[in-house]
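# Observations on the three-dimensional arrangement
Each chain is listed here by its residues.
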Amino acid sequence: MTNFGFNDLQFNIDELDIDIRSTLKKYLRQDDVVNYFGSEIYVIPLELDFVDKSKLPAVEINVSDDGTEINAQEDTQIQYMSNITVEINTYTTGKNKRQDNIKLAKFITNILQTSQKLGNYYCRGLRLNQDREISSITEGVNRRVLRFSARCDNNLKLIYSK
């Protein structure tokens, strides 16, 4: 059993995942988004492995750290900075599925690149590294992947582009 002391500073990826999910859910339930898509955007639970066509449009969110911590001391319990990746898959269907997916991706990008409070963190905006349409397993579904990166100051709970 590890006995953590006064100087412990660890990155909590689960807390950040929850904060990003709840922030996106809040924005994806706004009237202008619901009116445009005809329904709320379904945020796929982390445990779900597939997209049910009846739940589209949908967003899948994966928040991870890249395993590198920037330590200011030799003490491995102190992680001052952590590099993070946020991957979002967007799914749409229907007559204008491609156009709708591009619109959804742009909306999400605007949300994540805006300076704002994200639950327990303050985010100055994430850097968009990838915005690409990819093939979908499900016929008639348009899929797009967005990949963002950032650095988290674990002491200040401040997220910023790296």
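Here the residue numbers are simple positions, counted from 1 along each chain's written sequence. Selection of residues for local features in this predicted model requires a pLDDT of at least 70, selection of side-chain atom pairs for listing and counting requires 80 or more, and totals for whole chains, interfaces and linings are taken over all residues. Each side-chain value is derived from all of the structure's non-hydrogen atoms; neither hydrogens nor water enter the calculation.

## Structural notes on the confidence of the model for the chain
Here the chain averages 87 in pLDDT, and 85% of its residues register 70 or above. This model gives residues 1-6 a pLDDT under 50, and the stretch forms four contacts once residues within four places in sequence are excluded. Scored from 0 to 100, pLDDT records how confident the predictor is in each individual residue. We call two residues in contact whenever any of their non-hydrogen atoms come within 4.5 Å of each other.

## A closer look at the nonpolar core
Take the buried residues of types Ala, Val, Leu, Ile, Met, Phe, Trp, Tyr and Cys, join any two whose side-chain atoms come within 4.5 Å, and each joined set is a nonpolar core. Relative accessible area decides the class of each residue, using a 1.4 Å probe on protein chains only: under 20% of the type maximum gives buried, over 50% gives exposed, and in between gives partly exposed. One finds I20, L24, I88, I108, L112 and I159 to be the most contacted residues of the largest nonpolar core, which totals 29 residues. Within the residue set of this core, elements represented by two or more residues are α1 (13-28), α2 (31-37), β2 (58-70), β3 (81-93), α3 (97-112), β5 (121-123) and β7 (141-153). The numbering of helices and of strands both runs from the N terminus, where a helix is a DSSP run of H or I of at least 4 residues and a strand a run of E of at least 2. In terms of residues, this core owes the most to one element, α3, which gives five residues. Excluding anything up to four places from it in sequence, L24 contacts I61, I88, I108, I111 and L112. If you look at the next biggest cluster of nonpolar residues, it comprises five residues, including I44, L56, A58 and V141.

## A short note on the pattern of salt bridges
Any carboxyl oxygen of Asp or Glu within 4 Å of a side-chain nitrogen of Lys or Arg constitutes a salt bridge here. Applying the stated criterion across every chain yields a total of seven salt bridges. Of the charged contacts in the structure, one is a salt bridge between D17 and R21, with a shortest N-O distance of 2.9 Å. With D17 and R21 both in helix α1 and four residues apart, the pair spans about one turn of that helix. When sorted by exposure, D17 lands in the same class as R21, which is buried. One salt bridge in this structure joins R29 and E40, with 3.2 Å as the shortest N-O distance. Taken together, the positions of R29 in the loop between α1 and α2 and E40 in the loop between α2 and β1 (42-44) put the pair 11 residues apart, joining distant regions of the chain. Assessed through its relative accessible area of 46%, R29 is described here as partly exposed. One network of salt bridges, with partners in common, ties together R98, D131, E133 and R144.

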